[in-house]
Amino acid sequence: MRFRNKHLRPAKRCPPSLLIWSIIGIALLFHFYTLSQIQSNQIETRIYYSDENSITKELETVEEEPLHVTVARSRRNPRAVRRKGSQKPPSIIDEFLDESSDVHELFFPDMRRAINPMSEGNDSAGYFYPGHVWLDMDGKPIQAHGGGILYDEETGTYYWYGENKDGPTYLAHQNAAARVDIIGVSCYSSKDLWSWKNEGIVLRGKKNDETHDLHKSNVLERPKVIYNDITKTYVMWMHIDNANYSKASVGVATSQNPTGPFQYLYSIQPHGCESRDMTIFKDDNRKAYLIYSSEDNTELHVSPLTDDYLNVTNEFKSIFVRRHREAPALFKFEGTYYMITSGCTGWAPNSALAHASESMMGPWETLGNPCMGGNVIFRHTTYFSQSTFVLPLPGLPGLFIFMADRWNPANLRDSRYVWLPLAIGGVSDESLEYSFGFPLWPRVSIYWHKRWRLPDG
């Protein structure tokens, strides 16, 4: 018989939960240490352009630009102010959208400062001036809004497709957004991306057929063209809508030539879903995708296209759910897919976001605001513009042109183009946003320049 010493306390055992959490803590510490080593290695190896590279050094310089604006005086009667109290003063974006304000004039310089490829004997040849009027080879303002570029490697020719908004701006009804009747899709060609020849309207609107998707009273936005190597056909996709934006569809047109004419085929709601702001992307393996804003602009959908690029497959993925992103612009570098998106604020500018993924179908990770330089207001308004396309530059891997529209809702035909250099390199702002499984992506940077040009050759 054993006697128990009542004064001797039994030894405490370590609770299993404490042991488990200790193991998890050690694993997390090791994981973060590993990530820090990867990050430091990427800082050393994933910056593709260094200060020693004179070709791109000028483009990747962070250029600051102070914004000096005068606060607008209230236009209200002083008696009304005393009676009802003062109101919140207009924001810088309100002033930007007000055609009568001095701020508006800052961002929409007049014709005297236009980019003119036909002007001789000046020092502006070959230079891009974001936000300035851009003239074609005929001396007329380029009309290619919400557009994209197709590059023909055989001829070394770029084709720029976009909305022709060279008509009066009006409201379809009191609460409607500013609009221009459908004129059609314009096409311009160039060898140097600076001087553009007008190839005409390659897809025309319909003036008399009210049942047609392209009737002038409807909406045609964001046309993009890719080439199908199997069918030897140029395929155009675009956002098709009615004046109330309730049709929410995509339209498809085809042509045997890059300069048209394009034959309109039909419109669809992909997978039975709404489709508004959209783009298409052709991968290295010739597989193509449709990316569109859906579910009342609360998310984006990604879907592969059929082999002939004329429809979507049955597969699609929802991304950025409840994030309210639109105006997607896709590009790829070293096996990684990147996307620039905009917030949903109508014609008003907002902050861009960059995203990355190892697969077009996701998962996608948000990297942060890609805008560099200018000033805080510029960076938070994407330089008062909205993304439409990202163009790779042949011979300069990792360097792209970010194409955006500076919308002028008071006079849409006078909306401007903001083209800026975009580079891949450095560490992103918001790595590991969703889970520990994502790699540390290199940073996407859009550099502000009041004036810039492409490297010689």
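- Per an unreviewed UniProt entry, the chain carries the name 40S ribosomal protein S3a and comes from Rhynchospora pubera.
- Quoted verbatim from the Sequence similarities (unreviewed entry) heading of the UniProt record, the comment on the chain is "Belongs to the glycosyl hydrolase 43 family."

### What to know about empty space enclosed by the protein
- Enumeration over the complete set of coordinates arrives at 5 cavities of 30 Å³ or more.
- In this model, the largest cavity occupies a volume close to 160 Å³.
- Residue lining of the largest cavity: 17 residues in total, with E163, K165, V180, L220 and E221 positioned closest to the centre.
- Contributing elements (two or more residues each) for the lining of the largest cavity: β5 (178–179) and β8 (219–228).
- If one sorts the elements of the lining of the largest cavity by residue count, β8 sits on top with 3 residues.
- Here the residues of the lining of the largest cavity sort into 9 nonpolar, 3 polar and 5 charged.
- By volume, the second largest cavity amounts to about 60 Å³.

### Section: the environment of S101
- Its place among the elements puts S101 in the loop between α4 (92–97) and α5 (102–107).
- A distance of 2.5 Å separates a polar atom in the side chain of S101 from the backbone oxygen of E95.

### Let's talk about the sheet that holds strand β14 (residues 299–304)
- Ordered by their spatial adjacency, 4 strands build an open sheet running β12-β13-β14-β15, and the pairing between neighbours is antiparallel. Only two strands of the sheet have a single partner each, and these edge strands are β12 (278–282) and β15 (317–319). Strand-to-strand twist of the sheet, defined as the mean angle between neighbouring strand axes without regard to direction, takes the value 25°.
- Sheet analysis places β14 next to β15, joined by 3 bridges and oriented antiparallel. The residue bridging L300 from the neighbouring strand is I319, located in β15.

### A word on the pairing of strand β13 (residues 288–294)
- Among the 7 residues in β13, 7 count as buried, and that is most of the element.
- By the alternation rule, side chains of β13 split into A288, L290, Y292 and S294 and Y289, I291 and S293, which are all buried.
- Across 5 bridges, the pairing between β12 and β13 is antiparallel. Residue F281 lies in a different strand from β13, and its bridge partner there is Y289.
- Between β12 and β13, which pair antiparallel one after the other, the connecting turn spans 5 residues, and R286 there sits at a positive phi close to 70°.
- Note that β13 and β14 share 6 bridges and pair antiparallel. Residue L290 lies in a different strand from β14, and its bridge partner there is S303.
- In this antiparallel pair of consecutive strands, β13 and β14, the connection spans 4 residues, and E295 shows a positive phi of 50°.

### Points about the pattern of salt bridges
- All told, the structure shown has 13 salt bridges when counted by the stated rule.
- With its nearest N and O atoms 3.0 Å apart, the salt bridge here joins R413 to D166. Separated by 247 residues along the polypeptide, R413 in the loop between β22 (399–406) and β23 (416–427) and D166 in the loop between β3 (157–163) and β4 (170–171) bring together distant segments of the chain.
- Within the structure, one salt-bridge network assembled from shared partners comprises D229, K282 and R286.

### What about unusual backbone geometry?
- Note the cis peptide between G260 and P261, where omega equals 0°.
- Cis rather than trans, the peptide bond between G362 and P363 has omega equal to 5°.
- In this structure, P363 sits in the loop between β18 (353–357) and β19 (365–368).
- Within the chain, E295 stands out as a residue other than glycine whose phi angle is a positive 50°.
- The residue E295 is located in the loop between β13 and β14 in this model.
- Although it is not a glycine, N297 adopts a positive phi angle of roughly 65°.

About the thresholds
- Residues numbered from 1 in each chain as written.
- Predicted model: local features only at pLDDT ≥ 70, side-chain atom pairs only at ≥ 80, totals over all residues.
- Heavy atoms only, no water.
- UniProt positions renumbered as here; feature names shortened; annotations may be inferred.
- 1 Å grid on protein atoms, 1.4 Å probe; cavity = no way out; pocket = protein on both sides within 12 Å on 5 of 7 lines; lining within 4 Å.
- Points joined across faces, edges and corners; volume = space filled by probe spheres on them.
- Helix = DSSP H or I, 4+ residues; strand = E, 2+ residues; numbered from the N terminus.
- Nonpolar A, V, L, I, M, F, W, Y, C, P; charged D, E, K, R; others polar.
- Polar contact = N/O pair within 3.5 Å; in protein donor to acceptor, adjacent residues only side chain to side chain.
- Pairing = 2+ DSSP bridges.
- Axes fitted to C-alpha atoms, helices over the stretch in contact; angles between N-to-C directions.
- Buried < 20%, exposed > 50% of the residue type's maximum accessible area, 1.4 Å probe, protein only.
- Salt bridge = Lys/Arg side-chain N within 4 Å of Asp/Glu carboxyl O.

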